[in-house]
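Structural description and commentary
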Amino acid sequence: MYAEFDLLTPAAVGGALDELAKVENEEDCMPLGGGTNLVVDLRARAVAPKVLISVGRLSGLRGIELGEGRVSMGGAVTVSEILRHPERSRFGPALIGAAQVFAGQMVRNTATIAGNICCGSPAADLVPPLLALDAVVRLECSAGSRELPLADYFTGYKSSVRKPNELLTRVWWPEPPAGSASLFYKLARRKGDAITVVGVAVSLARENGICTRARIALGAVAPVVERVRPAEAMLEGNALEPDLIEAAARAAAQQSSPIDDVRASGKYRRQQVFVLVRRLLSRAWRSLSEGDHP
Amino acid sequence: MNDRRVRFTLNGEPREVSVKPNDLLLNVIRDDEKLTGTKYGCGIGECGACTVHIDGRPVLACLELAVAAEGREIVTIEGLAGNGGALDPLQEAFLDNGAVQCGFCTPGMIMMGRALLDETPEPSEAEVRDYLRGTLCRCTGYASIVQSVIDAGAKEAAAD
Ligand SMILES: Cc1cc2nc3c(=O)[nH]c(=O)nc-3n(C[C@H](O)[C@H](O)[C@H](O)COP(=O)(O)OP(=O)(O)OC[C@H]3O[C@@H](n4cnc5c(N)ncnc54)[C@H](O)[C@@H]3O)c2cc1C
Ligand code: FES
Ligand code: FES
């Protein structure tokens, strides 16, 4: 490969954090997860770090844990590991749905959850479901660790609150309870291996005919993947009648700020936000009233 | 950029090679090991022509750094045939169905089909198409490739 860099392969998370602690310039050093974004970017010279720190196979960043009402995944958990897990039905259907339409098999075998979040792409497919599931991310540096809602992680296009000396070591969220439903839809030019044109995740909880919790997250229609809080607020505390769902979908389309690009026009994307939010909310709500939880 | 010694198994043979941090596994396989069955198509993860198995799972050799091969088991298309050169049932099925035109996608397709059959012995057509979706063919229109995977699965199941 034309791009030149050194590659460090620490044996444990602590060693990786010690190496990162020495970094002065953000551009000088980057963590390497599965490399499915980074190697492409290195070859295209979109980035030119002097040093890569390989973290994709560190045992401290692996493993999926269920317990104490939480689903918790190490940063280096791959998309395939999510799909193959025997308890995957407890993770939240929106996340499984996103993992199923994520890339092709070979990329899924190496692509990690931290890499998907940290690449900062507005089209990152795991992010809308994780937002809809109220995911929390843990950032660690050699001096300590902090946790924050994924909703507070992104600060702008490909920028985040992560400091150059921090690793994203874990992502966790409350295990979706009975009486809740979540869905994800990826609109793309074709089914396999295509970049998302619009991604929508919704999650709803229902008690006694009333929506007690609503989350709507949109991918690929703004500089960052984001929740649509005004639309969520319209739904919570109400029975989701078709008119209300339609109004929430309209609010979501309004908040989106999609651009024109080679894959679709901004106008088309915004129209699809409306259609998809309406569709997913209706389906999720219907599934709850039928007492079956998708 | 210091050279590294990397040890791995390639088609069952232990190997120890010297690589640079920025060497791609694909280049080590093709240029150093002279196993040119694994193809260099797009180089950016889009085509699947470079697919090899690492520890039994298909991955793209164009996106793997060679250093990451340390301690792992790598199988390329050259490693599928059994002792004495007997073809894998999937390779036989490709021949029977005429599933090869220019042949550039064939190694990747066979490595993918093999991985699927190892996971899901008798896949449906939909399962085959979904599993192969990251591997592109510009010649055949896929029908004969998909059929070959289905046929090989049926044949292997019958032989069991
Ligand atoms: C053919 C192809 C198809 C694709 N299809 C999809 C798709 O359908 N949907 C989708 O969302 N993406 C897709 N991608 C993009 C990519 O596969 C994903 O974003 C993937 O999750 C990235 O993970 P990775 O482990 O490979 O990250 P890497 O490439 O290793 O890293 C990505 C970024 O994250 C940083 N990073 C990695 N790990 C950490 C960590 N633990 N802490 C802090 N920073 C870290 C790196 O420094 C880098 O900036 C595709 C890519 C290819 C090549
Ligand atoms: S050469 Fe690796 S995917 Fe095309
Ligand atoms: S046979 Fe030519 S690309 Fe598939």
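Residues numbered from 1 in each chain as written. Chains lettered and ligands numbered in written order. Predicted model: local features only at pLDDT ≥ 70, side-chain atom pairs only at ≥ 80, totals over all residues. Heavy atoms only, no water.

**Details of the overall build of chain B**
The helix and strand inventory of chain B stands at five helices and five strands. Counting helices and strands in the order they occur from the N terminus, chain B gives β-β-α-β-β-β-α-α-α-α. Taking 15 Å as the expected radius of gyration for a compact globule of 160 residues, we find that chain B reaches 16 Å, a close match to that expectation. Here the C-alpha coordinates of chain B stretch approximately 50 × 30 × 25 Å along the principal axes. A total of 160 residues make up chain B; the buried ones form 50% of that total. Within chain B, residue pairs in contact and separated by at least 24 positions form 55% of the contacts whose partners lie at least 6 positions apart. Accessible surface for chain B amounts to roughly 7100 Å². Of this, 47% is attributable to carbon and sulfur atoms. Separation between the mean location of the 15 positive side-chain charges and that of the 25 negative ones in chain B comes to 7 Å. (Helix = DSSP H or I, 4+ residues; strand = E, 2+ residues; numbered from the N terminus. Rg over C-alpha atoms; globule rule 2.2 N^0.38 Å. Buried < 20%, exposed > 50% of the residue type's maximum accessible area, 1.4 Å probe, protein only. Contact = heavy atoms within 4.5 Å. Areas by Shrake-Rupley, 256 points an atom, 1.4 Å probe, with all protein chains shown as cover. Lys, Arg positive; Asp, Glu negative; His and termini not counted. Charge placed at Lys NZ, Arg CZ, Asp CG, Glu CD.)

**Section: the nonpolar core**
Counting 96 residues, the largest nonpolar core has M73, I117, L130, L150 and W173 of chain A as the members making the most contacts within it. When residues of this core are assigned to their parent elements, the largest contribution, seven residues, is made by helix 3 (residues 106-119) of chain B. If near-sequence neighbours (up to four positions away) are discounted, I117 of chain A is found in contact with V127, L130, V137, L150, Y153, F154, L168 and V171 of chain A. Counting residues in each nonpolar core, the second largest holds 35 residues, with V200, A249, A264 and V275 of chain A among its members. (Core = buried A, V, L, I, M, F, W, Y, C linked by side-chain atoms within 4.5 Å.)

**Here's the deal with the sheet that holds strand 11 (residues 180-187) of chain A**
Residues and elements named next belong to chain A. Strands sit in the order 11-12-13-14 across an open sheet of four strands; the sheet is antiparallel. With partners counted over all chains shown, the strands left at the sheet margins are strand 11 and strand 14 (226-227), one partner each. Where strand 11 meets strand 12 (residues 198-207), eight bridges bridge the pair, whose relative direction is antiparallel. Looking at strand 12, one finds that A181 is bridged to L204. Sheet strands in contact with helix 10 (residues 266-289) are strand 11, strand 12 and strand 13 (210-219), and its direction is about 30° off that of strand 12. (Pairing = 2+ DSSP bridges. Axes fitted to C-alpha atoms, helices over the stretch in contact; angles between N-to-C directions.)

**Details of the packing of aromatic side chains**
Residue and element names in this part refer to chain A. Within the structure shown, the criterion is met by one aromatic pair over all chains. Between Y153 and F154, the ring centres sit 5.0 Å apart and the planes meet at 85°, which makes this aromatic pair edge-to-face. Residue classification places F154 among the buried residues on the basis of a relative accessible area of 16%. Sitting over the ring of W172, R70 keeps its end group 3.4 Å from the ring centre. (Phe/Tyr/Trp six-rings, centres within 6.5 Å; stacked < 30°, edge-to-face > 60°. Lys NZ or Arg CZ within 6 Å of the ring centre and 35° of its normal.)

**Quick word on the pairing of strand 6 (residues 136-141) of chain A**
Residue and element names in this part refer to chain A. Inspection of the sheet shows strand 6 paired to strand 7 (residues 144-149) by six bridges, in the antiparallel sense. Within strand 7, the position partnered with V137 by the bridge is L148. Counting the residues that bridge the hairpin from strand 6 to strand 7 gives two residues. By the bridge criterion, five bridges tie strand 6 to strand 10 (residues 167-174) in an arrangement that is antiparallel. Bridge pairing in strand 10 places R138 opposite R170.

**Some words on unusual backbone geometry**
All names here are of chain A. Of note in this structure, R45 is not a glycine but carries a positive phi near 60°. Mapped onto the elements, R45 comes out in the loop between helix 2 (38-43) and strand 3 (51-54). Located in the positive-phi region is A103, a residue other than glycine, with phi close to 45°. Looking at the element boundaries, A103 is found in the loop between helix 4 (93-100) and helix 5 (105-108).

**Points about the confidence of the model for chain B**
Chain-level pLDDT for chain B is 96 on average; 99% of the residues reach the 70-or-more range. Our summary of model confidence lists the complex with pTM equal to 0.96 and ipTM equal to 0.95. (pLDDT = per-residue confidence, 0-100.)

**Examining the state of the cysteines**
All names here are of chain A. Counted according to the given criterion, the structure contains zero disulfides over all chains. Cysteine C29 remains unbridged, with the sulfur of C118 as its closest cysteine sulfur at 13 Å. On the basis of relative accessible area, C29 is assigned to the buried category, the value being 9%. (Disulfide = S-S within 2.5 Å.)

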